[in-house]
Amino acid sequence: MTDTAEQLEARIAELRAEVRRAVTAGDRVSARQLRAELRRTEDAWDSAVLGGEAPQAEVPAERTEADAMPIREHVHRALTLIGVPASPKLVLAVHESFFSGAIAPARLTSLRRDEERSFRASPFTRPYYLCAALTADHLAPARGLMAVSTWPLAERMIGPLSPRVDLLTATIRLAENIAAQPGCGPGARRVLWKLSVSVPGVQGSPDAIDAVAVIDAATRELAVHRDEDVRRRAEAARRADQQLDEASRLFGVRLGVAGRRRNEVG
C-alpha cells in the first residue's frame with residue numbers, strides 16, 4: 001500500500017475513536033459531523049487502494065432535506081409534537097429522538113431573540129414565530145420556556161399548576177405518538193420514560209415502558225389539575241389582552257413595564 005493509504009487508515013482509526021467518544025458523551029451534533037468526515041476518509045481510502053473514483057455513499061433524501069431545514073423549522077416541529085411550552089433541553093431531546101436533521105444546541109440561545117427582532121421589524125410576515133411562554137402573574141417571559149405564536153394565548157400562560165399540567169400533557173402526546181408508531185427507536189422511549197417517572201402508576205425501565213399505560217396514568221392525574229389550571233390561564237390571558245400590545249403578547253414585557261401598564265388599566 002502507498003503511504004497515502006496508510007495515512008488514511010490511521011485517520012480512519014482516529015475518527016472511529018472520536019465518533020465513539022462523541023456518542024458516549026451524548027454529543028450527537030459532533031458525532032454526526034465526525035461520521036460524515038469518516039465516510040469521506042473511507043471513500044478516499046477506497047480510491048487510493050482500488051484506484052479510480054470511489055463510489056460515494058448514498059445519503060437518504062429525507063436526511064439531506066432535513067439537514068437543510070432552518071433551525072426554526074426543526075424547533076417548530078419538535079414544539080408542535082410536544083404541544084406545550086418546553087425548555088430547550090426537552091426540545092433538543094424530542095427532536096433528536098423523533099425527527100431527523102441536526103440542531104446545534106448553541107443556536108437555541110439566540111433563536112427567540114432573533115424571532116422577536118424579526119417580528120418587531122415586520123410583524124406577522126411569517127406564518128409562525130417561536131416566542132415566549134408568559135408568567136401568569138407578571139406577564140413576563142417565563143424563563144427557559146419556548147412556545148409557538150399560533151398557540152392560543154391562554155396556552156402560553158404559566159400559572160402555579162401549569163408546569164405539572166404541561167409535563168403531563170407532553171407525556172401524553174409523546175406516549176400517543178409512540179403507541180401509534182411501534183417502530184420508534186429507544187431514544188424516543190427514553191425521553192418518554194424521563195418525563196413519566198414522576199407520574200403515579202408508571203412502571204418499567206426505558207426499554208420496557210408501556211406507552212398505553214403511561215397515557216392512562218398521566219390522564220388520570222391531569223384530570224385532577226386541569227380545570228383549575230385552565231381557569232387561571234384564561235384569567236391571565238384576559239389581562240394580557242387588555243394590557244399588552246401584539247409584540248408583548250408574544251414575547252412578554254419587562255416587569256417594570258408590565259407594572260406600569262397594569263396601573264394604567266386599573
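Residues numbered from 1 in each chain as written. Predicted model: local features only at pLDDT ≥ 70, side-chain atom pairs only at ≥ 80, totals over all residues. Heavy atoms only, no water.

(A) Expanded view of the overall build of the chain. A count of helical and extended segments in the chain gives 11 helices and three strands. When its helices and strands are written in sequence order, the chain yields α-α-α-α-α-α-β-β-β-α-α-α-α-α. When burial is assessed residue by residue, the chain has 41% of its 266 residues classed as buried. Nonlocal contacts in the chain, meaning residues at least 24 apart in sequence, comprise 58% of its contacts between residues at least 6 apart. Of the roughly 14500 Å² of accessible surface on the chain, 52% is carried by carbon and sulfur atoms. (Helix = DSSP H or I, 4+ residues; strand = E, 2+ residues; numbered from the N terminus. Buried < 20%, exposed > 50% of the residue type's maximum accessible area, 1.4 Å probe, protein only. Contact = heavy atoms within 4.5 Å. Areas by Shrake-Rupley, 256 points an atom, 1.4 Å probe, with all protein chains shown as cover.)

(B) Broad picture of the pairing of strand 2 (residues 141-148). Sheet topology note: the strand 1 (residues 130-135)/strand 2 ladder contains four bridges and is antiparallel. Counted as the bridge partner of alanine 132 is methionine 146 from strand 2. Adjacent in sequence and paired antiparallel, strand 1 and strand 2 are bridged by five residues, among which leucine 139 carries a positive phi angle near 60°. (Pairing = 2+ DSSP bridges.)

(C) Examining the nonpolar core more closely. In terms of nonpolar packing, the biggest core is built from 49 residues, with Val75, Leu79, Ile82, Val94, Phe98, Leu174 and Leu192 touching the most fellow members. Ignoring sequence-local partners within four residues, the contact set of phenylalanine 98 consists of Leu81, Leu174, Asn177, Ile178, Cys184 and Ala188. Ranked by size, the runner-up nonpolar core spans 11 residues in total, among them Leu134, Ala237, Ala240 and Val253. (Core = buried A, V, L, I, M, F, W, Y, C linked by side-chain atoms within 4.5 Å.)

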